[in-house]
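# What the coordinates show
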Amino acid sequence: MANNEKKEMETRVNFTYPEGYKEAASWLEIFPQLSDQEAREAFIANFISTITIF
Amino acid sequence: MKDAKALFQERKELFDNAIALKHNKRVPIVSNYWTWKILDAGCTLSEAICDWDVMTRVVLEHQEKYCFDGLVDCGGRNNNKLTRAMGYERHLLNDEAESITVLDNLPITAEDYPIYRKSSQEFWWKCWLGRMNPDMTKEQFLEGVSEFFKFLEFGDRVKAELLEKYGALAAFPMPYMAPMELLFNQARGIKGLSLDMRRHPEELMDILDAIFETEVLPAVTAAAEGDYTNYITAMETIFLAHSIMNTKQFARFYWPHFLKITQIMFEKGQKIYTFSEAYIDRFSDFLQDIPEGMMILHPEQDDIFELRKKIPHICIAGGMPASYLGYKSEEECVDYARKLVSEMGDGYIFSQDKMGTFRADARPENVKAVNDFVRSYEL
């Protein structure tokens, strides 16, 4: 599969709030540090606020 | 040679005494070298900044070679691995020129401020990340989060190795900046914030209060309860945005939040390290509010001998000019170091004036010479 075709098939982040935000939080269940949805939702805002300095 | 544990105990006492303005047997030395140490280790910027194993080696070799008592930077600057994973850039590395260019591509507008008051989550998600890469994929987002955890692991690991192998202390675990700094460095930039102070002062004040209540206050309150035995201080604050402000603006938009941060920490007995870019001298009246013996102030461009007269109640770090370390002889550097430690004495931490960034900021033989001298100079 060509790269551009593969890119088209990938799931895009939905940057709406709160729907897209909550969906992205649910994706973070793969990280053991983020055990529940409430913690994951709190994490995202802190994460972005922190990485803005990078 | 003392073992690492004995060195740590000795250094901890030196730093504690310096901050408390008590008599020390010698002046402690803290490294303010940042990307300079990458070049000094024989690496290119992109080799080290993009690889945490290489960066660990750079930091440990820096300590091995120059024998500092503590370090301000432990290799965590310019994390472009994370930003690239998420599909955007904040700065460009140029290995040929040995330079880093920070991009002025911050996405927030003054019109976004009310969104923060409504929801900080919406603000960061929609207005910041959503604009940095609107086409971000799920894979990129998760890779960015994964890189973030790797970055935190690296920070913990390298600080632990500095302590266990060399008995050297990191200056602080985390920075907690005044809300104005967050807008200045990470959201609006120099031009945007300069305009906001004049055109949207009420809206600006409102978002500063909101950032303080939502993010800064909970974080600092929690940080104040921590145990920072293995560090020089409990936290870092940085003066950067003050460089575009007059004293009236500083009094309104900056100082109240900054002072509250320090008060929360000081009430719990926690000490603070503060680096100040540009000049801080013109705000020295505000610094009279800081209690005696609780803070380190590390100015970049001020004359620290003059600053000492204005803020004798605050430990001062820095003062060794890059213009000496990078361009003068070992003898001239040692002579200047002698002037610093003999005149500043107690309540002083020997360090470089600016954040060591470029190769020309210091010659390795000069760094070694001044560190050897300061380590052997009895107060």
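Report follows, based on the coordinates. (Residues numbered from 1 in each chain as written. Chains lettered and ligands numbered in written order. Predicted model: local features only at pLDDT ≥ 70, side-chain atom pairs only at ≥ 80, totals over all residues. Heavy atoms only, no water.)

### Quick notes on the overall build of chain A
The test is simple: Secondary structure follows DSSP: runs of H or I at least 4 residues long count as helices, runs of E at least 2 residues long count as strands, and numbering of each begins at the N terminus. Each residue is assigned to one of three classes by its accessible area relative to the maximum for its type, calculated with a 1.4 Å probe on protein chains only: buried under 20%, partly exposed between the two thresholds, exposed over 50%. With residues, only the protein chains shown are counted as cover, and all accessible areas are computed by Shrake-Rupley using a 1.4 Å probe.
Along its length, chain A carries three helices and zero strands. Secondary structure elements of chain A, listed N to C terminal, follow the sequence α-α-α. Residues counted as buried form 39% of the 54 residues belonging to chain A. Carbon and sulfur atoms make up 51% of the accessible area of chain A, which totals about 3100 Å².

### Description of the environment of Glu330(B)
Residues and elements named next belong to chain B. Counted only if it meets this: Should any heavy atoms of two residues lie within 4.5 Å, those residues are counted as being in contact.
Looking at the element boundaries, Glu330 is found in helix H15 (residues 330-344). Separated by 110 residues in sequence, Glu330 and Val220 place their C-alpha atoms 43 Å apart. Residues in contact with Glu330, not counting those within four places in the same chain, are Glu365, Asn366 and Ala369.

### Examining empty space enclosed by the protein
All names here are of chain B. How we decide: A 1.4 Å probe that fits into a set of points on a 1 Å grid over the protein atoms alone but cannot get out defines a cavity; an open set with protein on both sides within 12 Å along at least five of seven lines defines a pocket, and lining residues are those with an atom within 4 Å of a point. Grid points are joined across faces, edges and corners, and a volume is the space filled by probe spheres set on the points. The residue classification treats Ala, Val, Leu, Ile, Met, Phe, Trp, Tyr, Cys and Pro as nonpolar and Asp, Glu, Lys and Arg as charged. All others, Gly included, are polar.
Evaluated as defined, the whole model comprises two cavities of 30 Å³ or more. When its volume is computed, the largest cavity comes out at roughly 50 Å³. Taken together, Trp34, Thr35, Lys37, Ile38, Ile49, Met55, Asp73, Gly75, Arg77 and Asn78 make up the lining of the largest cavity. Within the lining of the largest cavity, the residues separate by chemical class into four nonpolar, three polar and three charged. When its volume is computed, the second largest cavity comes out at roughly 30 Å³. Lining the second largest cavity, in full, are Phe15, Val30, Ala171, Ile232, Tyr273, Ile296, Ala317 and Ile349.

### Some points on unusual backbone geometry
Of note, the amide linkage connecting Tyr17(A) to Pro18(A) takes the cis form, showing an omega dihedral of 10°. Looking at the secondary structure, you find Pro18(A) in the loop between helix H1 (3-9) and helix H2 (19-27). Phi angles above zero are rare outside glycine, and Cys67(B) is one such case at about 55°. Within the element layout of this structure, Cys67(B) appears in the loop between helix H4 (52-66) and strand S2 (70-71).

### A look at H4(B)
All names here are of chain B. Definition in use: One fewer than the residue count of a helix, multiplied by 1.5 Å, yields its expected span. Contacts described as polar in this section are N or O atom pairs within 3.5 Å, which, within protein, must combine one atom able to donate a hydrogen with one able to accept it, while residues neighboring in sequence count only if both atoms come from side chains.
With 15 residues, H4 should cover 21 Å at 1.5 Å per step; its first-to-last C-alpha distance of 21 Å lies within 8% of that length. Its side-chain oxygen 2.9 Å from the backbone nitrogen of Asp53, Asp51 forms the N-cap of H4. Directly after H4, the chain includes Cys67, whose backbone phi takes a positive value near 55°.

### Remarks on the interface of chain A and chain B
Condition: Note: buried area is the sum, over both parts, of the accessible area (probe 1.4 Å) each one loses when the two are combined. In the sections that follow, a salt bridge refers to a side-chain nitrogen of Lys or Arg positioned within 4 Å of a carboxyl oxygen of Asp or Glu.
In this assembly, 31 residues from chain A lie in contact with 36 residues from chain B. For the pair chain A and chain B, the summed buried area comes to about 3100 Å², and 74% of that belongs to carbon and sulfur atoms. Of all residues in chain A, Phe15(A), Tyr17(A) and Phe54(A) bury the most surface against chain B, accounting for 27% of the area lost on that side. Note that Asp135(B) and Arg12(A) form a salt bridge whose closest N and O atoms lie 3.7 Å from each other. Connecting chain A to chain B are eleven residue pairs in polar contact (both at pLDDT 80 or more). Where the side of chain A that touches chain B is concerned, the elements lending two or more residues are H2 and helix H3 (37-51) of chain A. No other element matches the ten residues that H3(A) contributes to the side of chain A that touches chain B. Residues that form the side of chain A that touches chain B fall into these classes: 19 nonpolar, eight polar and four charged.

### Brief notes about the nonpolar core
Heads up, the condition is: Here the nonpolar core consists of buried residues drawn from Ala, Val, Leu, Ile, Met, Phe, Trp, Tyr and Cys, with membership extended through side-chain atoms lying within 4.5 Å.
By size, the foremost hydrophobic cluster in this structure holds 137 residues, and its most contacted members are Phe141(B) and Phe350(B). With near-sequence residues (within four places) excluded, Phe141(B) lies in contact with Val13(A), Ala24(A), Trp27(A), Leu28(A), Ile44(A), Phe47(A), Met86(B), Trp125(B), Leu129(B) and Met136(B). With 19 residues, the next largest nonpolar core counts Phe15(B), Ile19(B), Leu163(B) and Ile296(B) among its residues.

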